[in-house]
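# An overview of the molecular structure
Below, each chain spelled out in residue letters.
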Amino acid sequence: MTAKLAFPHPPARPDQPPDFSNIVVPPAGSLPVPPLDLEARDARALAVGLVRVLDDAGRAVGPWADGIADLTGDDLRLGLRDMLRMRAVDRRMLNAQRQGKTSFYLQCTGEEAIGCGFQRQLEQGDMNFPTYRQQTLLIAADYPLEALMGQLYSNEMDPLQGRQLPIMHSARDYGFFSISGNLGTQYVQAVGWAMACALRGNGKIAAGWIGDGATASGDFHSALLSASVYLPPVVLNVVNNQWAISTYTGVAVGKSETYAARALGYGIPALRVDGNDYLAVVAVSRWAVARARLGHGPVLIEWFTYRAAAHSTSDDPTAYRPKDEALAWPLGDPVQRLKAHLIARGEWSEARHVQAEAEILDEVIAVQKTVEAHGTFVDPKPISPAEIFRGVYADLPPHLRRQRQEMGY
Amino acid sequence: MIEALRSAMDVKLADDPSVIVFGEDVGYFGGVFRCTAGLQASHGEERVFDTPINESAIVGMAVGMAAQGMRPCVEIQFADYVFPAYDQITQEAARLRHRSNGQFTCPLVVRMPTGGGIFGGQTHSQSPEALFTHVAGLKVVIPSTPHDAKGLLIAAIEDPDPVIFLEPKRIYNGPFRGDHSGKSTPWSAHPAGEVPEGHYVIPLGQAEVRRGGADVTVLAYGTMVHVAEAAVAEAGVDAEIIDLRSLLPLDLDTIRTSVQKTGRCVVVHEATRTGGFGGELIAEVQEACFWHLRAPLIRVAGWDAPYPHAQEWDYFPSPARIARALCKVMED
Ligand SMILES: Cc1ncc(C[n+]2csc(CCOP(=O)(O)OP(=O)(O)O)c2C)c(N)n1
Ligand SMILES: [Mg+2]
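Residues numbered from 1 in each chain as written. Chains lettered and ligands numbered in written order. Predicted model: local features only at pLDDT ≥ 70, side-chain atom pairs only at ≥ 80, totals over all residues. Heavy atoms only, no water.

## Notes on the overall build of chain B
Each helix and strand in chain B was counted, giving 12 helices and 12 strands. Its C-alpha atoms give chain B a radius of gyration of 19 Å, within 12% of the compact-globule value 20 Å for 332 residues. Taken along the three principal axes of its C-alpha coordinates, chain B extends 60 × 45 × 40 Å. Here chain B holds 332 residues, and the buried ones make up 61% of them. The long-range share in chain B, meaning contacts at least 24 apart out of those at least 6 apart in sequence, stands at 78%. If you sum the accessible surface of chain B, you get close to 11600 Å²; carbon and sulfur atoms cover 51% of it. Here chain B contributes 27 positively and 41 negatively charged side chains, and the mean placements of these two sets differ by 4 Å. (Helix = DSSP H or I, 4+ residues; strand = E, 2+ residues; numbered from the N terminus. Rg over C-alpha atoms; globule rule 2.2 N^0.38 Å. Buried < 20%, exposed > 50% of the residue type's maximum accessible area, 1.4 Å probe, protein only. Contact = heavy atoms within 4.5 Å. Areas by Shrake-Rupley, 256 points an atom, 1.4 Å probe, with all protein chains shown as cover. Lys, Arg positive; Asp, Glu negative; His and termini not counted. Charge placed at Lys NZ, Arg CZ, Asp CG, Glu CD.)

Have a look at this one:
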């Protein structure tokens, strides 16, 4: 026998029917809630398993469900509304991009439960280090839609004054760190922020966010190593949506069983969680946030989900995966699953759902109109070009002053 | 230009079994700009494959392969994402031949889309060429037409040393003359859009005179060659436009001949001004042509600020800005 290279392949390509038979979906409620001071060596079952709360009948079952038994119908309806609002914003902004009103957009369809559920467990002053696909964190932080859309239109309502590509938000007061387009870099920054929280004793925590594809970056490993050494109050989230643009998740995970399992090698406890199950998201987020805040150190959560939409408006996924793969995803759709649960609890109905969707759409359209009145890509009201030079440094150095003059300002 | 680049890799994959192509989304899908589309299907997965999102690993693997005698031609998805690989490129690939006294060499190509004009914001628009020209041991190439792109890429793959191959993404689909509507014509309507089949080489280190002229020399590369053509038309000056094609090695002979004739020189690039390659060009021209100069040398470059999104056309050097520089040197 001689050495031969391995090349991981997705189970199905465009000319084949979707095939998720490789994905084992354990029954809801089968994994325990570990103590907050969980050690990596005791986390194996959680790291290779899948924490699920909602069963196929829409009931909340098992020990993780018990941990969130205090959630009221109002709490859950708020979660559903967060997700519906996110979906409405995504749809409207995708269409706005198609109409040329903005240069670029990127949806999080299918992944709404993760950021929406997680954010609601944070406190004012905690800080997320998101990727471009975590606009849910802003929605569930009640970030004004005017600012969110202003950023997407790069108009005068944009808090970042047109400097950043659409979707690269920054909202310090809402616990949302400035997004970089360079993958991985911010995962280790989250660790640094959390170290500063501990050094300053302010009781706050940080949350890092990274996609499955970007866990391949060196900075992912830098983050885990640093977190493992200093044990800061950080929750390290991996959103495994099965794809990194056209690249199958197997190319990033290699021979590791799961992304969560990778953390165990660093001595960091980890859990793999059904990311399309809003209740599982809330239960595990609450546990992880409490663990970090009480000083038990870092934890990694792999949110197992599926990127139902294209990577971005520059991408056509039918070139690399089966067209209807999202429909075949074994963990379903987060909105439908929470809706079914609320209906099963007698807290919701089809009619109320339709009404809520309509209300939310109206609200989103109203904000969109207001924001578009301040300019779009088709009809720009440009921000002053001299803005380019403001904020490069705290003070404008002479060479930039000369360049600004040369520009005519 | 995309088809030309693909054809170059196709030709080399076919004629040299040591050539290998990899990068993010490069294999099955064929690259986010489609430069490698179809190559995996025709040459197999061991020759053309997808990698994890780790630029340091991409170049590090390529260095290891190249050291054993393979010829990797790897893709970095955007030049803005090359920085995790900066260590591997500048400290390893660039010096392997020298530090091992020739025991190991590093014949690899790192391809990457560069430059702005596509509303990509600060992480899809940068022009980092000077960060590579500053490093001993690297060659740096940047084509401005499909015809050159193919011949230069084949030369780069055949080169015995590491080559940074910058592809101006704004002109992937057609020459761009700086029109703020963003419009460009397709390459099929451009004479240099014609790309011969099969193997041909454009040697690294040879500039090309794109437009002959008597009054002022314009030094440009990549997208700016086309913007400079528009600027020259706008300014109505008899300029000689030199497309450098290769920044390192630099074709100083062609530059010297031109500037000694015109006595004036304007240098244009998209990259930020301070520490940019334009400063190097001006220093070379000054040393080689001082006694022939009739006006101060001028740079037109990107402002020293992060590349903006909304204010793209205020940032991207426009034909009007270049035309102003041309008129200014003509005053003296
Ligand atoms: C350092 C770096 N390399 C490459 C890219 C280009 N890129 C942007 S998104 C992406 C895929 C990321 O996939 P994943 O981490 O799984 O996140 P997802 O898009 O699925 O949410 C790539 C390769 C980048 N932004 N940064
Ligand atoms: Mg992904």
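## Observations regarding the interface of chain B and chain A
Listed as interface residues are 35 residues of chain B and, on the opposing side, 42 residues of chain A. Of all residues in chain B, the largest losses of buried area upon contact with chain A belong to I53, W303 and H309 of chain B, amounting jointly to 21% of the total for that side. The tally of links from chain B across to chain A stands at one salt bridge. Between chain B and chain A we count 14 residue pairs in polar contact (both at pLDDT 80 or more) in total. Put simply, the parts of the chain that give the side of chain B that touches chain A at least two residues each are β2 (48-50) and α11 (312-315) of chain B. In the side of chain B that touches chain A, the residues fall into 15 nonpolar, 11 polar and nine charged. (Buried area = accessible area lost by both parts, 1.4 Å probe. Salt bridge = Lys/Arg side-chain N within 4 Å of Asp/Glu carboxyl O. Polar contact = N/O pair within 3.5 Å; in protein donor to acceptor, adjacent residues only side chain to side chain. Nonpolar A, V, L, I, M, F, W, Y, C, P; charged D, E, K, R; others polar.)

## Considering the nonpolar core
Judged by nonpolar contacts, the single largest core of 105 residues is most densely connected at V89, F118, Y187, L271, Y278, L300 and W303 of chain A. Looking at this core element by element, the count peaks at 11 residues for helix α11 (residues 278-293) of chain A. Among the nonpolar cores identified, the runner-up in size contains 64 residues, and I154, F176, V218 and L326 of chain B belong to it. (Core = buried A, V, L, I, M, F, W, Y, C linked by side-chain atoms within 4.5 Å.)

## Remarks on the coordination of the magnesium ion (ligand 2)
Residues and elements named next belong to chain A. Around the magnesium ion (ligand 2), the protein supplies D212 (OD), N241 (OD1) and W243 (O) as donor atoms, at distances of 2.0 to 2.1 Å. Donor residues binding the magnesium ion (ligand 2) come from one chain and are separated in sequence as D-x28-N-x1-W. Taken together, the residues D212 in the loop between β2 (206-211) and α8 (218-230) and W243 in strand β4 (residues 243-244) connect sequence positions 31 residues apart. Residue W243 is classed as buried on the basis of its relative accessible area of 4%. (Donors = N, O, S within 2.8 Å, 3.2 Å for Na, K, Ca; no water.)

## Points about the site of ligand 1
Close to ligand 1 lie 19 residues; Y132, R133, G181 and D212 of chain A together with E55 of chain B are nearest. In this structure ligand 1 sits where residues from chains A and B come together. Note that an oxygen atom of ligand 1 is positioned 2.8 Å from one of the backbone N or O atoms of W243 of chain A. With respect to ligand 1, the side chain of E55 of chain B contributes an N or O atom lying 2.5 Å from a nitrogen atom. With the chains in place, 95% of the 580 Å² that ligand 1 exposes on its own is no longer accessible. Residue classes in the shell around ligand 1 are distributed as eight nonpolar, seven polar and four charged. (Near = heavy atom within 4 Å.)

## Here's the deal with the pattern of salt bridges
For the coordinates displayed, the defined rule picks out 38 salt bridges over all chains. Residue R77 of chain A pairs with D74 of chain A through a salt bridge whose shortest N-O separation is 2.7 Å. Taken together, the residues R77 of chain A and D74 of chain A, both in helix α3 (residues 73-98) and three residues apart, mark about one turn of the helix. R256 of chain B is the partner of D253 of chain B in a salt bridge, and the nearest nitrogen-oxygen pair spans 3.1 Å. Taken together, the residues span about one helical turn, with D253 of chain B and R256 of chain B both in helix α9 (residues 252-262) at a distance of three residues. On the basis of relative accessibility, which here comes to 30%, the residue R256 of chain B falls in the partly exposed class.

## Quick word on helix α10 (residues 277-289) of chain B
Residues and elements named next belong to chain B. Here α10 is 13 residues long and its end C-alpha atoms lie 18 Å apart, about the 18 Å a rise of 1.5 Å per residue gives. Inspection of α10 places F277, G278, L281, I282, V285 and C289 among the buried residues, and these make up the whole buried set. Buried residues of α10, seen end-on, are gathered within an arc of 140 degrees and therefore sit on one face of the element. At its buried positions, α10 is contacted by α6 (129-133), β8 (216-220), β10 (246-248), α9, β11 (265-272) and β12 (298-302). (Expected span 1.5 Å × (residues − 1). Arc of directions from axis to C-beta.)

## Description of the packing of α3 of chain A against helix α13 (residues 334-344) of chain A
Residue and element names in this part refer to chain A. At a closest axis distance of 10 Å, the pairing of α3 and α13 adopts a crossing angle of 155 degrees. Of the possible angle classes, the one that applies to α3 and α13 is roughly antiparallel. Between α3 and α13 lies a crossing of left-handed hand. On α13, the residues touching G73, L76, R77, G79, L80, M83, L84 and R87 of α3 are P334, V335, L338, K339, H341 and L342. Grouping the constituent residues of the contact of α3 with α13 by class yields eight nonpolar, three polar and three charged. (Axes fitted to C-alpha atoms, helices over the stretch in contact; angles between N-to-C directions. Parallel < 35°, antiparallel > 145°, perpendicular 65-115°, else oblique. Left-handed = near helix turned anticlockwise from the far one by under 90°.)

## A word on the environment of L231 of chain A
All names here are of chain A. With respect to the element layout, L231 can be found in the loop between α8 and β3 (234-240). Along the backbone, L231 and I268 are 37 residues apart, and their C-alpha atoms lie at a distance of 8.9 Å. Discounting chain neighbours no more than four positions away, the residues touching L231 are S226, G297 and P298.

## Looking at unusual backbone geometry
With omega at 5 degrees, the peptide bond leading from L248 of chain B into P249 of chain B counts as cis. Counting through the fold element by element, P249 of chain B comes out in the loop between β10 and α9. One non-glycine residue, S154 of chain A, lies in positive phi territory at about 50 degrees. Along the chain, S154 of chain A turns up in the loop between α6 (145-153) and α7 (185-200). The exposure class assigned to S154 of chain A is buried, which follows from its relative accessible area of 7%. A positive phi angle, close to 55 degrees, is found at Q161 of chain A, a residue other than glycine.

## Description of the pairing of strand β7 (residues 299-304) of chain A
On a regular strand, one side chain projects to one face of the sheet and the next to the other, so that they alternate. All names here are of chain A. Taking burial as the measure, the six residues of β7 include six buried ones, the bulk of the element. By the alternation rule, side chains of β7 split into V299, I301 and W303 and L300, E302 and F304, which are all buried. The pairing of β3 with β7 spans six bridges and is classified as parallel. Bridge assignment links L236 to a residue of β7, and that residue is L300. Note that the unit made of strand β6 (residues 270-274), α11 and β7 has a crossover that is right-handed. (Pairing = 2+ DSSP bridges. Right-handed = clockwise from strand over helix to strand, strands pointing away.)

## As for the sheet that holds β10 of chain B
All names here are of chain B. Judged by pairing direction, the sheet is mixed, and its seven strands sit side by side in the order β2-β1-β3-β4-β6-β5-β10 without closing on themselves. Only two strands of the sheet have a single partner each, and these edge strands are β2 and β10. On average, adjacent strands in this sheet sit at an angle of 20 degrees to one another, irrespective of strand direction. In the sheet, strand β4 (residues 109-114) pairs with strand β6 (residues 163-168) via six bridges, with the strands oriented parallel. Among the inter-strand pairings, T114 is bridged to a residue of β6, identified as P168.

## As for the packing of α3 of chain A against helix α14 (residues 350-372) of chain A
Residues and elements named next belong to chain A. Between α3 and α14, the shortest axis-to-axis distance is 9 Å and the interhelical angle comes to 50 degrees. Between α3 and α14, the angle falls in the class oblique. Remark: the crossing between α3 and α14 carries right-handed chirality. Taking contact as the criterion, the partners of R77, L80, R81, L84, R85, A88, V89, R92, M93 and A96 in α3 are, on α14, R352, H353, A356, E357, E359, I360, L361, E363, V364, I365 and Q368.

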